[in-house]
Amino acid sequence: MNPEHGAVAFLGLGKMGRPMSARLAAAGYAVRGFDADPRIREEVRALGTVEIAGSAAEAADGARIVVLMLPGSDAVAAVLVEKDRLLDRLADGSLVIDMSSSEPMRTRVMAETAGRRAVRYLDAPVSGGVSGAERGTLTIMAGGDAPDLDEATPLFAALGSRVVRCGGHGAGHAVKALNNLMSATHLLVTSEAMLVAQAFDLDPATVLDAVNAASGRSGSTENKWPNFVLTERYDSGFSLALMVKDMTIALNLAAATGAPARLGGAALDLWREAGGDLPDSADHTEIVRWLQGIGSGQASPAETHSAG
């Protein structure tokens, strides 16, 4: 362990947490991890990348930094104040970094709650998917007080290639949710346009090549369609259910602030409809299969998934 690095508790060892915790350990941090799923704990223990604790409290014992990569605000609240009550266990001056996709308004409240217990708080959700987590090229959208962000800089450097300081507490989570609302809407309209192109007997790869040199390009045309749709892999590592969750967070923020979001709301309705038809395990890029099912008149787009 690098003596300049301290002990880190890493809570949440799923698709993203697993490679992220391994990168922190490789960077010299003494990482003790925990996941509520015993199967995941055993899988990570077998990898030997990080020490595995028997509970969240055990993972956080003696740690000055606690990193959360959990399903969302409900899970964060359970770990910090409701069930495991880590905020009551952590030493004064400890730093909690919520890298989950949490709700910005609730993040502000949690930061205030942590502050009353002399615990510092950052929100730092990420973009870049599992491949970015494995390569350490994530974009980190950070919110919180500048001195705490300064202290977290070496840890962020082990995980990502870019850190954007978005503002105060909750700002990082707001930017992440808005990013995913935009990403989901891009993918939806890109997929509709590409299906029109195919129906007109255009080669999709040629269309993408043209669009990516023009004003219609986006992450969907440059990455998702070439790498996950045309290849028929549909394995980006980010589920459709999580996309719907993040879109919902963004639309709830729009409602809370009184900002207009009619297009985003319409996109969310379509994503929710797709989520109701596709399997629970569907990757978010499989919304293309759902659209194809509608276009072909299939009764159940889920049958396309099963057949694939």
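Placed above this text is the structure.
Computed from a predicted structure; not experimentally measured.

A closer look at the environment of Leu47
Okay, so step 1: You can see Leu47 is positioned in helix α2 (residues 38-47).
Okay, so step 2: On the accessibility criterion, Leu47 (51% relative accessible area) is exposed.
Okay, so step 3: Linking Leu47 and Ala22, residues 25 residues apart in sequence, is a C-alpha distance of 9.5 Å.

A short note on the nonpolar core
Okay, so step 1: Residues Met20, Leu24, Ile97, Met99, Leu155 and Phe156 are the most contacted members of the largest nonpolar core, which totals 32 residues.
Okay, so step 2: Of all the secondary structure elements, the ones that give two or more residues to this core are β1 (7-11), α1 (17-26), α2, β4 (65-68), β5 (95-98), α7 (129-135), β8 (138-143) and α8 (146-159).
Okay, so step 3: The element best represented in this core is α8, accounting for six residues.
Okay, so step 4: In terms of nonpolar packing, the next biggest core, distinct from the first, is built from 31 residues, Ala197, Val207, Leu240 and Leu278 among them.

As for the side chain of Ser21
Okay, so step 1: Along the polypeptide, Ser21 turns up in helix α1.
Okay, so step 2: At a separation of 2.9 Å, a polar atom in the side chain of Ser21 contacts the main-chain carbonyl oxygen of Arg18.
Okay, so step 3: Here Ser21 is in contact with Phe10, Leu13, Val31 and Val50, once residues within four sequence places are set aside.

What about the environment of Glu51?
Okay, so step 1: Following the sequence through the fold, Glu51 ends up in strand β3 (residues 51-52).
Okay, so step 2: The spatial distance from the C-alpha of Glu51 to the C-alpha of His284 is 32 Å, given a sequence separation of 233 residues.
Okay, so step 3: If sequence neighbours within four positions are ignored, Glu51 has contacts with Val31, Arg32 and Gly33.

As for the pattern of salt bridges
Okay, so step 1: For the structure shown, the criterion picks out 15 salt bridges.
Okay, so step 2: One salt bridge in this structure joins Arg106 and Asp74, with 2.7 Å as the shortest N-O distance. Separated by 32 residues along the polypeptide, Arg106 in helix α6 (residues 104-116) and Asp74 in helix α4 (residues 73-82) bring together distant segments of the chain.
Okay, so step 3: Given a relative accessible area of 32%, Arg106 falls into the partly exposed group.
Okay, so step 4: Residue Arg165 is joined to Asp150 by a salt bridge in which the shortest nitrogen-to-oxygen separation is 2.6 Å. Of this pair, Arg165 sits in strand β9 (residues 160-167) while Asp150 is found in helix α8, placing the two residues 15 residues apart along the sequence.
Okay, so step 5: A relative accessible area of 45% means that Asp150 is categorised as partly exposed.
Okay, so step 6: Each of Arg18, Asp37, Arg39 and Glu43 takes part in salt bridges that share partners, so that together they form one network.

What about the packing of α1 against α8?
Okay, so step 1: Packing of α1 against α8 leaves a shortest axis separation of 8 Å and a crossing angle of 120 degrees. What the angle tells us is that α1 and α8 run oblique. Every pair of crossing elements has a handedness; the one defined by α1 and α8 is right-handed. Residues Met20, Arg23 and Leu24 of α1 pack against Leu155, Ala158 and Leu159 of α8.
Okay, so step 2: Grouping the amino acids of the contact of α1 with α8 by side-chain chemistry returns five nonpolar, no polar and one charged.

Quick word on α1
Okay, so step 1: Along α1, the residues that are buried comprise Gly17, Pro19, Met20, Ser21 and Leu24.
Okay, so step 2: Buried residues belonging to α1 abut β1, β2 (30-34), β7 (126-127), α7, β8 and α8.
Okay, so step 3: Phi for Gly28, located one or two positions after α1, is positive at around 110 degrees.

Focus: the side chain of Arg41
Okay, so step 1: Tracing the chain through its elements places Arg41 in helix α2.
Okay, so step 2: It turns out Arg41 is buried and unbridged, and the closest side chain with the opposite charge, Glu42, is 5.5 Å from it.
Okay, so step 3: Not counting residues within four places of it along the chain, the set of residues in contact with Arg41 comprises Phe34, Asp35, Ala36, Ile52 and Ala53.

Reading guide: rules and limits
Each chain has its residues counted from 1, running along the sequence as written. Side-chain atom pairs in this predicted model are given and counted only at pLDDT of 80 or more, local residue features only at pLDDT of at least 70, and totals for whole chains, interfaces and linings cover all residues. Just so you know, side-chain values use all the structure's heavy atoms and leave hydrogens and water out. Numbering goes from the N terminus for both helices and strands, where a helix is a DSSP run of H or I of at least four residues and a strand is a run of E of at least two. Using a 1.4 Å probe on the protein chains alone, a residue whose accessible area is under 20% of its type maximum counts as buried, one over 50% counts as exposed, and one in between counts as partly exposed. The definition of a nonpolar core used throughout is a set of buried Ala, Val, Leu, Ile, Met, Phe, Trp, Tyr and Cys residues joined through side-chain atoms within 4.5 Å. N or O atoms closer than or at 3.5 Å make up a polar contact, with two conditions inside protein: a donor-capable atom paired with an acceptor-capable one, and, for residues adjacent in sequence, both atoms drawn from side chains. Whether two residues touch is decided by their heavy atoms; if any such pair falls within 4.5 Å, the residues are in contact. Every case where a carboxyl oxygen of Asp or Glu lies within 4 Å of a side-chain nitrogen of Lys or Arg is listed as a salt bridge. Angular values range over 0 to 180 degrees, each being the angle between N-to-C directions of two axes fitted as lines to C-alpha atoms, with helices fitted over their stretch in contact. Angles below 35 degrees are treated as roughly parallel, those above 145 as roughly antiparallel, those between 65 and 115 as roughly perpendicular, and all remaining angles as oblique. For a crossing to be left-handed, the near helix must be turned anticlockwise from the far one by less than a right angle; the clockwise case is right-handed. The residue classification treats Ala, Val, Leu, Ile, Met, Phe, Trp, Tyr, Cys and Pro as nonpolar and Asp, Glu, Lys and Arg as charged. All others, Gly included, are polar. Counted charges follow a simple rule, with Lys and Arg positive, Asp and Glu negative, and His plus the chain ends left uncounted.

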